[in-house]
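Summary of structural features
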Amino acid sequence: MSTSPTTSGAQKGQILSPFLKALRRISDGLLAKDLTAMKFVCQDCLPEGRLEEVTTGIDLFKLLIQKQLLSEESPDILYELLSEAERDDLLKKFNKLTGLDEQIKERAAKDATKQQHFAMGHTPQQPIRHPEPHQLGALPSPQPFVRIAQQGQGNVQSMLNQQAASRVHQEGISVARPVNDNTASGSNTGRRQAPDETPVKRVASSGSSSSQSDEETPVKQVYGSGDAAEGINAAPTMDDNTSMELPGSPTTSSELASSMANLSLSANTNADSTTPGSDTLEMDSSGEGIAAGYQAARSHDLSSEDIVTDSPDQEASQAKPQGVASRIDGSGQLSSAARVASNPNVPASSTGAIPKQKLVVEASQAKPQGVASGIDGSGQLSSAARVAPSPNIPASSTGAIPKQSPVVNSTPVRNPERASFPTRRIIRTFKTHFDSRKGTEINLREYQKELAAPGIEGQNYIICAPTGCGKTMTAAAICLHRHEQAKREYKDFKAIFIVPLHSLIQQQTDAFNQIFPEDIVQGISETENLEIILAEYDVVVLTAQILLNALNRGSLHLTDLSMLMFDECHHTTLNHPYNEVMKRYLAVKHGREGQEDADSLPQIIGLSASLGVGGDDDALDHVKTLAASMDSVLVKEVRENIDELNQYVKPPVKNEIMAVPGRDENDMFIQTVVGIMRSIERLVFGNEKPSHEQGSQQYENWIVLKKMDAEKESRRAVIIACRYLREFNTALIYYDDLRAIDALDYLDEKLFHDDVPQALTQIEKRCIALYREKEEHLRNLSMLEELDDIPKLTALVERLVECYQKNPDSRGIILSKTRAATTALVNFVREETKLRGLVKVDRLVGQGKEEDGYMTDVSQQTVIRSFKEGKDGKDGCNLLIATDVAQEGLDIPECNFVIRYNFVSNEIGTVQARGRARAMKSECYLILQSGSKVEQRELKNQEREEQMKKALDDLNRIPEDQFWAEIKARQLELIRKYEDEKRRKKERQSTHMADEVEVVCKECNNLVCNGSQLIRKGTHFISTDPAFMDRVEIRRFRRAQVFRDTDNTGVVFCGNQTCNVQYGPLIRYKRGVPMETCALSCKSMLFRIPGVQGLTAFRTWSKCTFPIDQEPY
């Protein structure tokens, strides 16, 4: 049987192929246009029919693998495809994930060294030929090693001369092998004595022994001639200094001087560094070298101890470095105290001769200058040397060390704990909380360190700091510190970073990956299994609903996690998924109080730029409740480093409200549409007049209430009329802000192209006829309309022209209330002659079905990338028209201005919108109608913003004990409400018998199913009635929407041809028994319940008064 090319490259012991995992990562990073380009160039090698089925990168890669065009051994076609799509970033990512980049760097380093060597006129030496295993004979076990301790804290001041550096590079490269189980696992501890190794004693050069001072392994202390003995702690644990392990065997001590000097060269290519590092190098006795990891080229001096392992004889190096200040004198004697482990094969009277051994050390980034190596000019070690037991070393050796030729292999490893190969690499122990094992230092600003301090200590708290100050990076630094701390303590660590919007997942994942090692952080969507991802990654970025679904399934528990981080944590209120997660947290905490494992819950960190004031306008009370919900001991602001914060986060230089007049009250377009609406009102309401004027939000609220009453009373004519009245009212609202043609386009889409029923009722025919009578007149009015007739658009154009003429490189955002409004504004900007040549515009809205005006994740990322490129980019833009999705969380740097176009949310939104303008001397504007409700709301928001600031000041003045007492009291109240809510839900759902309830269409009252035929399957509610699918109309998608457990394959409508109600999406279950059915929307249903007059509406399925069984997948 032939082996699949996709798995042949997986290393022995690995379950998942790195090649396949790399392809999955590449697929996640592909944009829609990338996939289109890749499919286009594959037309000649793949069937057209199969290409049409390709919707993701994974689909394309599977097809190429099946056709044997792509494999781990032959990935050439992948390189071509990524190059064609101009995605060099993904090409580099693939090389990094598969390890190819390390091979490329290694070859480049060798070539550069050889070129440098030849340029200096040196003759290249022949590469070392290591003997085959059968030529080496039996190796001793356990593997012996020699430790040479170098004391002192000073850094090496200079590098080896160029001749020594060149020779070192040409000696060869080898792969490390574990010394023991501890080192193989990536432990930070040093080598422990093997069970069959002989304990050693401290002896002077004359052979007399001294008292033992070791806690773990007794060793001999050997004093070199002429130097006083120094007390050396023999405990074999790594400290903050450098520890190295090298193969050792008998040569002369002067050759060890060469070896140690060159070893220093490899471990210290940054001699000017003032922060000591902590590295461990290892070599096995067969000469198969040292593995160096985590930026070995940047590692620090050997300021504490250099560890050398011994092994059987190999050929001695012929070349010796010149001009090296060493710690071994010319006679080969150790110049200071040396510890030599006893060995049964070494004569007791030996003076320190060590067998020949070739040390292989690759100094890949050596500088061509001499090094003061810690070995003095006489060849004597100037500090103590520890020699572990070896069968080839005399027990009374005084430190004579034979010839050795140094070569160091500095192959970096990203994560030693996860390495599949049985070797320990160089491990950098961190000197600060903010060092990354990638070698990238997290240079937190002082105010960020101030914000991070409680998190480093493990406290639950909220970080409240301005937009753009780096809250995400602060949280990432805390998470990295806690992660490394857990690994050092051999503890598991799993963290989740929760974002409010799906569009933020990739952005925040990228932010964490800037400082975390690879294969630690991963963002996931609804299509992936959280439990599986958490088994592979330590930090996961997701939305709260994904976490809630996993908790609901019982496949994940909060106690499985080490840390929960909430981005935009002000959402932790009411029934938001953030609050649902924390309700569970508080319930678990309350249930474990007083138990031994009470502290096993994850650490909680919240992030927000503005916490809000709550519905009662009591800011201090609201913040206390939020802190209680987040189980936070404090709300942390920048207090000590406020001046530095102001240097990096500058508020807009202008924050202006542009109040303009509304349209003329006698406008003919308005009067015509209002006339149509009044005619429809008389048809269904008679002489009853609306409580508010047409074209207002208050009128829409009135219509919604009328429609709800009609649904309960089964008055279908009123239901249909209210639907038309609502659409006409929305068109008037759009007309007030936009052009007449935009309002007509909206009506045309909603009334005639948006899933119109196959058959019309009499009331629908009458409503449409009333519109058709006036349609031509309305279109003529739109043709006559001028820009000056629309005050808000006139103000917008003037502001845009001013911004772009003042700074042609400006980038700006216009925030609008609805998706339809963003589409209309984009069309207007593109068509307006005054803006031509100044503006390239694009649109950004929330995620959902594109046919409903939403965007996909891929299209969102494409637009954000385009905006970052700016006007001069190939596909760039310099103006973004967006809904509030761009107001919260998205990282859009260098935004010169923000314009809110007649759009105001709450006080939090006001702060966030202003925070979008991050460029120097940025400006913010709010265009609205003078005297409108929008203006009143904005003025109220400004008052609430001041209340928020005062509340945080008051909070910081509350004593810590008093604050925590209040928080605990509020938590008890929240837990009581949560328990009462669950109890009421259980009681409510047993009010009626399910088999007595009928579920009907909310508009035409067609039967959907019996209440007993409703079940909850996963997160969906479906009907098990076999005849249900015969009573509905199905409209299938051309391309299915793919999720983790289901695929959305279409939309299900009421089967009544005169009804236009959507029941919900058509879903296909992928787990368990295959089936396709409708995920019913509760808002599309009414319920006929015995004993209850009329029909009943429930806002959600959880509010139903009858039980609904749950069925697993």
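Going by the structure above, here's the rest.
A brief report on the enclosed structure follows.

Cut-offs and rules
Residues numbered from 1 in each chain as written. Predicted model: local features only at pLDDT ≥ 70, side-chain atom pairs only at ≥ 80, totals over all residues. Heavy atoms only, no water. Pairing = 2+ DSSP bridges. Helix = DSSP H or I, 4+ residues; strand = E, 2+ residues; numbered from the N terminus. Axes fitted to C-alpha atoms, helices over the stretch in contact; angles between N-to-C directions. Parallel < 35°, antiparallel > 145°, perpendicular 65-115°, else oblique. Contact = heavy atoms within 4.5 Å. Nonpolar A, V, L, I, M, F, W, Y, C, P; charged D, E, K, R; others polar. Phe/Tyr/Trp six-rings, centres within 6.5 Å; stacked < 30°, edge-to-face > 60°. Buried < 20%, exposed > 50% of the residue type's maximum accessible area, 1.4 Å probe, protein only. 1 Å grid on protein atoms, 1.4 Å probe; cavity = no way out; pocket = protein on both sides within 12 Å on 5 of 7 lines; lining within 4 Å. Points joined across faces, edges and corners; volume = space filled by probe spheres on them. Right-handed = clockwise from strand over helix to strand, strands pointing away.

Spatially, 27-28-29-30 is the arrangement adopted by the four strands of the open sheet, whose pairing is antiparallel. Among the strands making up the open sheet, the edge pair consists of strand 27 (1032-1042) and strand 30 (1075-1078). Here the strands of the sheet are splayed against their neighbours by 25 degrees on average, with no regard to which way each runs. Where strand 29 (residues 1062-1069) meets strand 30, four bridges bridge the pair, whose relative direction is antiparallel. What sits directly across from Y1069, in strand 30, is M1075.

Contact pair helix 1 (residues 18-29) / helix 4 (residues 57-66): the axes reach a minimum separation of 8 Å and the direction vectors enclose 140 degrees. In terms of axis orientation, helix 1 runs oblique to helix 4. For the pair helix 1 and helix 4, contact is made by L20, L23, R24, I26 and S27 and by G57, I58, F61 and I65, respectively. Considering only residue class, the contact of helix 1 with helix 4 consists of six nonpolar, two polar and one charged.

Our next topic: the packing of aromatic side chains. Tallied over the full model, the rule gives 17 aromatic pairs. Ring plane angle 25 degrees and centroid distance 6.4 Å describe the contact between F1028 and Y1063, whose orientation is recorded as stacked. Note that F1028 is positioned in the loop between strand 26 (1020-1023) and strand 27 and Y1063 in strand 29, a separation of 35 residues in sequence. For Y1063, a relative accessible area of 2% corresponds to the buried category. Three or more aromatic residues link up through ring pairs in this structure, and these residues are F1021, F1087, F1098, W1101 and F1106.

Take the layout of surface pockets next. Taken as a whole, the second largest pocket spans an internal volume of roughly 1600 Å³. As for the second largest pocket, its lining consists of 36 residues, and the residues nearest its centre are K985, R1016, F1021, T1100 and S1102. Contributing elements (two or more residues each) for the lining of the second largest pocket: helix 16 (544-553), helix 17 (577-592), helix 30 (960-988), strand 26, strand 29 and strand 32 (1109-1111). For the lining of the second largest pocket, the element with the most residues is helix 30, which contributes six residues.

Let us look at the pairing of strand 25 (residues 1014-1017). With four bridges joining them, strand 25 and strand 26 adopt antiparallel strand pairing. Across the sheet, residue R1016 finds its bridge partner in strand 26, namely F1021. Once strand 25 ends, the chain turns through two residues before running back antiparallel as strand 26, passing G1018 with a positive phi of about 70 degrees. For strand 25 and strand 32, the ladder comprises three bridges, and the chain directions are parallel. By the bridge assignment, I1015 is partnered in strand 32 with D1109.

What follows deals with the pairing of strand 13 (residues 539-543). Within strand 13, five of the five residues are buried, which leaves the element mostly enclosed by the surrounding structure. Alternating positions in strand 13 separate into two faces, V539, V541 and T543 on one and V540 and L542 on the other, with burial throughout. Summarising the sheet, strand 11 (residues 495-499) and strand 13 pair through five bridges and their orientation is parallel. If you follow I496 over to strand 13, its bridge partner there is V540. The sheet contact formed by strand 12 (residues 521-523) and strand 13 spans three bridges and is parallel. Bridging from a neighbouring strand, G523 pairs with V541 of strand 13. Handedness of the crossover joining strand 12 and strand 13 through helix 15 (residues 530-536): right-handed.

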